[in-house]
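So the chains spell out like this:
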Amino acid sequence: MADAKVIPFDDDRSRGGAATPRPARRRPLLGGGARRRNGEGAVSPLPGPQAPEAAAPEAAGGGAQPDAGCGGGWERRLAGGLAFLRRRITGEYEVDEFGYDEELTDQVLMSLLRPLYEKYFRVEVKGIGNIPSEGGALVVANHSGTLPLDGLMMQVAVHDNHPAGRHLRLLAADLVFMLPVVNELARKAGHTLACAEDAERLLQRGEVVGVMPEGFKGIGKPFSERYKLQRFGRGGFVSTALRAGAPIVPCSIVGAEEIYPMIGNAKTLARVLGIPYFPITPTFPWLGPLGAVPLPTKWTIQFGEPIPTDGFPPEAAEDPMLMFNLTDQVREQIQHTLYKLLVQRRSVFF
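Residues numbered from 1 in each chain as written. Predicted model: local features only at pLDDT ≥ 70, side-chain atom pairs only at ≥ 80, totals over all residues. Heavy atoms only, no water.

Structural notes on the overall build of the protein
Link 1 in the chain: A count of helical and extended segments in the protein gives 10 helices and 11 strands.
Link 2 in the chain: Burial statistics for the protein: of 350 residues in total, 45% are counted as buried.
Link 3 in the chain: Partitioning the intrachain contacts of the protein with sequence separation of at least 6 by distance along the chain shows that 77% fall at a separation of at least 24. (Helix = DSSP H or I, 4+ residues; strand = E, 2+ residues; numbered from the N terminus. Buried < 20%, exposed > 50% of the residue type's maximum accessible area, 1.4 Å probe, protein only. Contact = heavy atoms within 4.5 Å.)

Some words on the nonpolar core
Link 1 in the chain: Leu138, Val140, Phe237 and Val330 are the most contacted members of the largest nonpolar core, which totals 30 residues.
Link 2 in the chain: For this core, the secondary structure elements donating two or more residues are strand E4 (137-141), helix H6 (196-204), strand E7 (208-211), helix H8 (236-244), strand E8 (248-254) and helix H10 (320-344).
Link 3 in the chain: Considering each element in turn, this core owes the most residues, 7 residues, to H10.
Link 4 in the chain: Excluding residues within four positions of it along the chain, Leu138 makes contact with Leu203, Val209, Val211, Phe237, Ala241, Pro247, Ile248 and Val249. (Core = buried A, V, L, I, M, F, W, Y, C linked by side-chain atoms within 4.5 Å.)

Details of empty space enclosed by the protein
Link 1 in the chain: Taken as a whole and judged by the stated rule, the model has 3 cavities of 30 Å³ or more.
Link 2 in the chain: Estimates place the volume of the largest cavity at around 50 Å³.
Link 3 in the chain: Of the residues assigned to the lining of the largest cavity, the class counts are 6 nonpolar, 3 polar and 2 charged. (1 Å grid on protein atoms, 1.4 Å probe; cavity = no way out; pocket = protein on both sides within 12 Å on 5 of 7 lines; lining within 4 Å. Points joined across faces, edges and corners; volume = space filled by probe spheres on them. Nonpolar A, V, L, I, M, F, W, Y, C, P; charged D, E, K, R; others polar.)

Some details on H6
Link 1 in the chain: Residues Ala196, Asp198, Ala199, Leu202 and Leu203 constitute the buried set of H6. Looking down the long axis of H6, one finds its buried residues gathered within 165° of arc, a one-sided arrangement.
Link 2 in the chain: Those residues of H6 that are buried lie in contact with E4, strand E5 (168-172), strand E6 (192-193), E7 and H8.
Link 3 in the chain: Residue Gly206 follows H6 closely and has a positive phi angle near 90°. (Arc of directions from axis to C-beta.)

Some details on the pattern of salt bridges
Link 1 in the chain: Enumeration according to the criterion identifies 18 salt bridges in this entry.
Link 2 in the chain: Put simply, Asp160 and Arg114 hold a salt bridge, and the shortest N to O gap is 2.7 Å. Taken together, the positions of Asp160 in helix H4 (residues 149-161) and Arg114 in helix H3 (residues 102-120) put the pair 46 residues apart, joining distant regions of the chain.
Link 3 in the chain: The salt bridge involving Glu124 is made with Lys298; its shortest N-O contact spans 3.7 Å. (Salt bridge = Lys/Arg side-chain N within 4 Å of Asp/Glu carboxyl O.)

Regarding the pairing of E5
Link 1 in the chain: Within E5, 5 of the 5 residues are buried, which leaves it mostly tucked inside the rest of the structure.
Link 2 in the chain: Neither face of E5 is left uncovered, since the one carrying Leu168, Leu170 and Ala172 and the one carrying Arg169 and Leu171 both have all their residues buried.
Link 3 in the chain: Of the strand pairs in this sheet, E5 and E7 are connected by 3 bridges, and their pairing is parallel. Among the inter-strand pairings, Arg169 is bridged to a residue of E7, identified as Val209.
Link 4 in the chain: Where E5 and E6 come together, 2 bridges link them in parallel fashion. Considered in E6, the bridge of Leu171 is made with Thr192. (Pairing = 2+ DSSP bridges.)

Let's talk about the environment of Ala194
Link 1 in the chain: Inspection of the secondary structure puts Ala194 in the loop between E6 and H6.
Link 2 in the chain: When the C-alpha atoms of Ala194 and Asp174 are compared, they prove to be 7.5 Å apart, with 20 residues separating the residues in sequence.

Let's talk about the sheet that holds strand E11 (residues 300-303)
Link 1 in the chain: With respect to topology, 7 strands assemble into an open sheet ordered E3-E11-E8-E4-E7-E5-E6, the strand pairing being mixed. In this open sheet, the two edge strands, each paired with only one partner strand, are strand E3 (124-126) and E6.
Link 2 in the chain: Of the strands in this sheet, E4, E7 and E8 are in contact with H8, which crosses E4 at around 165°. (Axes fitted to C-alpha atoms, helices over the stretch in contact; angles between N-to-C directions.)

In C-alpha cells form, the structure reads like this:
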C-alpha cells in the first residue's frame, strides 16, 4: 500500500478527487398526500379531520379503546423499523452534498455507538451548553487513544446531550476516506475531509464542526506523553473560524489516552503498510484480535467557554500573529482543563 497522504487542516487547497461532493438524493413522497416522519422514524400522514366513527366514543360501557400499553411499544418499534427499511430500499431518504445521512446516523450509527459511550466508557459530559444552540461553531479538541474513538464519543456526546439537538460534523484525515467500508460509514455519519474549504462551507451553513488539530501526532503519541498536547499545526482552524465568524469551543477529553497504552511503534512495518504508525501495546499484537479490545476507562468530555471570532475584521484571517495568538489561547485552555480534570479524577477506570 502506498504511503497515506495526510492533508493538513490548514491547507487551503480544494478537496480534490477523494472528497468530491455527492449530489443529494431527494426523498419523494409516496402515495397521494403529504407525509412527515414521526418520532420513531416511521412515515405517517399529516394530521387531518377524523372520520366521525373514529372520533366518537364507545357507546357500550363508556370506556375508551385500550391503550397500546406494553404490547403497543414493540408494535410501534416494529412499524417504525419496517418503515425505515422501506425508505432505505426505495431510496426515500436524503443525503447532503457531503454524503451525510441524518436518518441513518440518528437511528442506526448512534445506536451502535451508544452502548460503548454509556456502558463501556461511561462518558461524563460537562459544559455542553457552551456549544451555541444555533449557528456555526468550531469545536477544537485534543486527540489521543491510538484509534480515533475519541472523535466518535465526542459526536455521541453532542448528539445525545445538547438541548437543541445539534449534530457534530467531524473533519477527518484523508486516510479515513481511503479505507473501504470506513469511507462510506464516515460520510454517512457526517464526516468530511479536513480541509479549510469544507470546514468553512459547513460553518457558514450553521453546522457544528469538530476538529482535532494534533492529527496523527496526537493520536499516535506514546503512552509516556499522555495528556501532553502536541503541536496544533499552523493555525488553519483559527483562520477558518475567522472567515466564517464562528466561535471556537475548546474541548478536553480525559480517558481516551489509556484505552490502548502505546508502548512502542513499529515504524518499518508502518511504512510497509502505508499507515502513520503501527502501535505496540501491552496486549497488541501479542493477543491477536483480542488485543484490539480497548480498556474500559472512565471518560470525561468537557466543552469550554467559547472564544468569539465575529468581532474581528475580515482581513484578520490573514494576520499570522493573530492566528498564532488565538491558536495558543485555544491550546492553553484545553491543556489547562486536561490537568484540572486529571486532578479531579479518582481513578482511570472509575
